[in-house]
Amino acid sequence: MLLHATEKGNGEPSVIILHGLMGSSANWRAVQDALSETYRVICLDLPNHGASPHIAQFSLQSLAEDVIETMDALGLGRAVIMGHSLGGKVAMLMASEFTKRVRGLIVVDITPRAFDPVHLFTLRACQQLNLAGATRREELDAALAQSIPQPETRDFLLKNVGREDDGSFAWRVPLQYLLDNYRVVSDAVPMTKRYEDSTLFLGGGHSPFNIDRDCNLIRKWFPYMLLTTIPCAGHLVHVNQPGIFLREVKIFIGSYVICHKREI
């Protein structure tokens with residue numbers, strides 16, 4: 001399927017940004033604005049997120065194919081692919097399966113390995129939230145705080161709640177579809193071959209994913225990789241430390257993608 005895209009800038013190389021679970025292209029607007037001063041930057045909504053279509057079943061392979069189809073529609077032969085969390089898994093699979101379409105790879109706070117189903121609790125808490133009984137967003141936030149104490153996480157999740165024509169609240173994401181396909185999120189990336197080009201892994205120093213521990217696994221599939229952990233950042237690295245995040249991304253694209261630097 002064709003994915004909803006927002007585009008800004010016209011420089012080379014083109015950069016495609018893929019958000020994570022329960023995210024959308026809107027979450028990356030500030031990063032898009034900053035990078036578009038130099039590059040053509042396209043933020044995509046993955047299926048079941050943002051303004052893209054909803055689908056009952058999906059896989060990392062189908063998500064990667066959706067991105068490729070959207071690139072074709074946009075006239076993009078190759079692009080730097082940046083993906084966060086679920087989007088990072090899609091980006092890694094693209095680098096393995098559609099290598100010639102990936103000019104450089106940036107993976108944010110995720111690695112190829114399988115991980116515990118840490119998001120299931122969050123998805124179920126959202127599903128159990130009584131939207132019909134609320135008249136103000138503050139009420140939803142207070143109710144969700146009983147399960148999810150982190151204000152930053154609640155704010156991120158509640159961006160997926162909108163108003164209906166009658167003023168009532170409704171989820172803009174199909175939570176049951178995400179729950180039904182959760183193994184796509186938690187299972188290992190089904191890598192088939194190494195990506196022999198520049199790759200940057202960026203992690204949060206306070207993130208539960210702790211990408212440093214997977215350094216050897218990452219290097220197995222991405223031999224030309226840089227791994228950088230940003231202090232005082234959690235899973236939403238680009239939100240917690242936007243200045244450092246953008247600095248690292250700009251250095252990587254300028255030195256390793258454009259100039260083809262290989263000394264890792």
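From a predicted model like this one, the values you see are computed outputs, not experimental measurements.

A. Structural context of the sheet that holds strand β2 (residues 15-18). Spatially, the seven strands line up as an open sheet ordered β1-β3-β2-β4-β5-β8-β9, and their pairing is mixed. Two strands close off the open sheet at either side, each with one partner strand: β1 (5-8) and β9 (225-230). Neighbour-to-neighbour, the strand axes of the sheet open up by a mean angle of 15°, direction not taken into account. Bridging between strand β8 (residues 199-204) and β9 involves six bridges; their strand directions are parallel. Each residue of the ladder has a partner; that of phenylalanine 201, found in β9, is leucine 227. Contacts from helix α3 (residues 86-97) reach β2, β4 (79-84), β5 (102-108) and β8 within the one sheet, and its direction differs from that of β4 by about 145°.

B. Region of the structure containing the packing of helix α2 (residues 60-73) against α3. Where α2 meets α3, the axes come as close as 9 Å, and the angle between the chain directions of the two elements is 75°. In terms of their interaxial angle, α2 and α3 are classed as roughly perpendicular. Contact residues: Leu60, Gln61, Leu63, Ala64, Val67, Ile68 and Met71 in α2; Leu86, Lys89, Val90, Leu93, Met94 and Glu97 in α3. Of the residues assigned to the contact of α2 with α3, the class counts are ten nonpolar, one polar and two charged.

C. Quick look at the pairing of β8. In terms of burial, β8 is largely enclosed, as six of its six residues are buried. Every second residue of β8 is oriented toward a common face, with Thr199, Phe201 and Gly203 on one face and Leu200, Leu202 and Gly204 on the other, all of them buried. Of the pairings in the sheet, the one linking β5 to β8 comprises four bridges and is parallel in character. By the bridge assignment, isoleucine 106 is partnered in β8 with leucine 200.

Criteria and thresholds
- Residues numbered from 1 in each chain as written.
- Predicted model: local features only at pLDDT ≥ 70, side-chain atom pairs only at ≥ 80, totals over all residues.
- Heavy atoms only, no water.
- Pairing = 2+ DSSP bridges.
- Helix = DSSP H or I, 4+ residues; strand = E, 2+ residues; numbered from the N terminus.
- Axes fitted to C-alpha atoms, helices over the stretch in contact; angles between N-to-C directions.
- Contact = heavy atoms within 4.5 Å.
- Parallel < 35°, antiparallel > 145°, perpendicular 65-115°, else oblique.
- Nonpolar A, V, L, I, M, F, W, Y, C, P; charged D, E, K, R; others polar.
- Buried < 20%, exposed > 50% of the residue type's maximum accessible area, 1.4 Å probe, protein only.

No statement about biological role is implied by the geometric values presented.
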